[in-house]
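Summary of the model geometry
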Amino acid sequence: MIENLLNPWVRDLVPYSTARDEFTGKASVYLDANESWYGDGVNRYPDPFCRDLRRTIERVLSIPFEMSAVGNGSDEVIDLLVRMFSAPGDSVMISRPTYGTYSVFARSHGVEVIDIPLLPSLELDADSIIRAIEEKKPKIVFICSPNNPTGRVYPIETIRRIADSNPGITAVDEAYSDFAENFTSSISLIDENPRVVVLRTLSKAYGKAGARLGILVACPEIQKAFMKMKAPYNVSLMSQREGIKALEDEGVEERVKDTVIRRKSFSAYLSTLPYVIEVFPSEANFILIRVPDAAALYDYLLARGIVLRNRSSEPMLQNTLRITIGSEEEMEELKEALDGYNR
Ligand SMILES: *Cc1c(COP(=O)(O)O)cnc(C)c1O
């Protein structure tokens with residue numbers, strides 16, 4: 001059934017067979033891949049299947065080995081999902097305001113983007129989404145939970161309802177799930193509905209944005225199709241090592257906790273500022289605020305060497321700024337600057 005959702009040319013694709021695919025076992029002389037004989041290990045191609053990293057993902061994140069694949073950041077995963085399941089002229093669905101790359105990758109592939117905007121409460125408009133799915137038949141419905149830039153977690157029941165009524169793929173981006181309390185991952189939906197795929201990343205809680213490590217969690221059929229589509233050596237040797245290091249780092253949990261504590265205390269502080277109109281409740285490692293003049297506050301802070309993200313161009317988010325939770329010192333510096341702002 002999943003077979004029929006894949007583009008036929010993806011279904012029939014014979015993947016590039018790397019030198020290391022064709023050989024299994026142990027050897028001491030590798031003369032199969034035209035690599036340099038000289039080097040410290042990086043002279044060798046990395047494991048195309050990220051096996052050690054995926055075994056660590058299985059052990060630490062409880063994601064079954066045969067259900068995971070690793071991309072060069074979630075960005076690569078999004079790009080490949082678009083190319084696996086949709087063709088130019090097809091459509092995908094998003095709910096703005098949300099993460100911008102779903103649209104960019106879809107459009108770069110000639111795929112139309114249908115926006116079913118969030119409700120004024122910034123919740124998903126499930127009824128409208130389900131109606132629009134029936135009418136427009138998008139190949140992929142992207143749901144970002146916790147959502148960037150609003151910080152909102154959508155109820156798992158809502159996601160399940162949308163996914164069950166969607167004959168296409170429902171892709172749930174959980175980049176910020178580590179920061180959410182009492183979070184139920186949509187991974188739990190895959191067993192009953194293999195059209196659900198989940199995206200995770202090591203860029204946020206695991207602190208490896210520079211290594212570019214995105215994780216696709218999907219039923220084995222989709223996982224296999226992803227493996228065929230991706231560039232043979234899409235994740236570098238250094239990145240695979242960094243990923244294993246990050247997952248095995250016992251300090252991560254503590255740092256995530258610290259981040260959540262600072263998010264809460266900083267949200268409370270922001271609510272006391274007379275010029276802050278709204279502090280959006282967040283389950284991620286950032287806080288969105290509304291002020292009378294976002295551009296002016298942005299410039300004021302920039303002049304003090306502090307960069308925020310102005311999200312005012314997003315629908316419903318006029319005059320909003322997104323604040324990433326940084327270190328204690330960084331938040332203190334921001335606080336001093338905000339205290340000195342009178343508007
Ligand atoms: C930051 C972020 C990601 C992570 O992307 P990478 O390419 O893995 O760094 C994915 N989705 C959302 C919504 C994000 O905000």
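Quantities reported herein were computed from a predicted structural model and do not represent experimental measurements.

Tallying secondary structure elements over the protein gives 13 helices and 11 strands in all. For the protein, whose C-alpha radius of gyration is 22 Å, the value lies close to the compact-globule estimate of 20 Å for 343 residues. The principal-axis extent of the C-alpha atoms belonging to the protein is close to 70 × 55 × 35 Å. The proportion of buried residues among the 343 residues of the protein is 53%. Within the protein, counting contacts between residues at least 6 apart in sequence, those at least 24 apart form 69% of the total. Here the protein displays about 16,400 Å² of accessible surface, and carbon together with sulfur accounts for 50% of that area. Distance from the positive charge centre (40 side chains) to the negative charge centre (50 side chains) of the protein: 2 Å.

A few words now on the sheet that holds strand β11 (residues 320-324). Pairing is antiparallel across the open sheet formed by four strands, whose spatial order is β8-β9-β11-β10. Strand pairing shows two members of the sheet lacking a second neighbour, β8 (278-280) and β10 (309-310), which therefore form its edges. Inspection of the sheet shows β10 paired to β11 by two bridges, in the antiparallel sense. When the bridges of β11 are listed, Asn310 appears paired with Leu321. Of the strands in this sheet, β8, β9 (286-290) and β11 are in contact with helix α11 (residues 251-272), which crosses β9 at around 10 degrees.

Grouped together as the largest cluster of nonpolar side chains are 85 residues, with contacts concentrated most on Leu81, Met84, Phe142, Ile162, Val197 and Ile222. Considering every element that reaches this core, the biggest residue donor is helix α4 (residues 73-85), with seven residues. No fewer than three residues from each of domain 1 (2-17 + 45-247) and domain 2 (252-339) sit in this core. Among residues more than four places away in sequence, those in contact with Leu81 are Ser86, Ile140, Ala171, Val197, Leu199 and Leu216. Formed by 24 residues, the second largest nonpolar core is a distinct cluster that contains Ile287, Val291, Tyr300 and Leu321.

Below, the discussion takes up the site of the ligand. Taken together, the neighbourhood of the ligand is formed by 14 residues, with Asp173, Tyr176, Ser203, Lys204 and Arg212 sitting nearest. Residue Asp173 places a side-chain N or O atom 2.6 Å away from a nitrogen atom belonging to the ligand. Surface burial for the ligand is 94%, taken as the share of its 380 Å² of free accessible area covered by protein chains. The element that contributes the greatest number of residues to the shell around the ligand is α4, accounting for three residues. In the shell around the ligand, the residues fall into five nonpolar, five polar and four charged.

Looking now at the side chain of Asn234. Assignment of secondary structure puts Asn234 in the loop between α9 (220-229) and α10 (237-248). A polar contact of 3.0 Å, which involves the side chain of Asn234, links it to the backbone oxygen of Val70. At 3.2 Å, the side chain of Asn234 and the side chain of Lys230 are in polar contact. Not counting the four nearest positions on each side in its chain, Asn234 is found in contact with Pro48, Val70, Gly71, Asn72 and Glu76.

Mapped onto the elements, Arg54 comes out in helix α3 (residues 51-61). Buried and without a salt bridge, Arg54 has Asp47 as its closest oppositely charged side chain, separated by 6.6 Å. For Arg54, the side chain forms a polar contact with the main-chain oxygen of Ser68, separated by 2.9 Å. Not counting the four nearest positions on each side in its chain, Arg54 is found in contact with Phe49, Phe65, Glu66, Ser68, Ala69, Val70, Gln223 and Met227.

Another point: the UniProt feature "modified residue: N6-(pyridoxal phosphate)lysine" (unreviewed entry) in the protein. Listed under "modified residue: N6-(pyridoxal phosphate)lysine" (unreviewed entry) in the UniProt record, and renumbered for this structure, are Lys204. Inspection of the secondary structure puts Lys204 in the loop between β6 (196-201) and β7 (213-217).

Cross-referencing UniProt, the feature "domain: Aminotransferase class I/classII large" (unreviewed entry) maps to residues 40-338 in the present numbering. In residues 40-338, helix accounts for 41% and strand for 16%; the two terminal C-alpha atoms are 49 Å from one another.

Strand order across the open sheet formed by seven strands is β1-β7-β6-β5-β4-β2-β3, with mixed pairing between neighbours. The sheet is open, and its two borders are formed by β1 (68-72) and β3 (112-115), each paired with just one other strand. Ignoring strand direction, the axes of neighbouring strands in this sheet form an average angle of 25 degrees. As paired strands, strand β5 (residues 169-173) and β6 are joined by four bridges and run parallel to one another. Residue pairing for β6: Ala171 is matched across the bridge by Val197. Most of the contacts of α3 go to β1, to which it runs at about 120 degrees, and overall it touches β1 and β7.

Rules used in this analysis
Residues numbered from 1 in each chain as written. Predicted model: local features only at pLDDT ≥ 70, side-chain atom pairs only at ≥ 80, totals over all residues. Heavy atoms only, no water. Helix = DSSP H or I, 4+ residues; strand = E, 2+ residues; numbered from the N terminus. Rg over C-alpha atoms; globule rule 2.2 N^0.38 Å. Buried < 20%, exposed > 50% of the residue type's maximum accessible area, 1.4 Å probe, protein only. Contact = heavy atoms within 4.5 Å. Areas by Shrake-Rupley, 256 points an atom, 1.4 Å probe, with all protein chains shown as cover. Lys, Arg positive; Asp, Glu negative; His and termini not counted. Charge placed at Lys NZ, Arg CZ, Asp CG, Glu CD. Pairing = 2+ DSSP bridges. Axes fitted to C-alpha atoms, helices over the stretch in contact; angles between N-to-C directions. Core = buried A, V, L, I, M, F, W, Y, C linked by side-chain atoms within 4.5 Å. Domains from an automatic or database assignment. Near = heavy atom within 4 Å. Polar contact = N/O pair within 3.5 Å; in protein donor to acceptor, adjacent residues only side chain to side chain. Nonpolar A, V, L, I, M, F, W, Y, C, P; charged D, E, K, R; others polar. Salt bridge = Lys/Arg side-chain N within 4 Å of Asp/Glu carboxyl O. UniProt positions renumbered as here; feature names shortened; annotations may be inferred.

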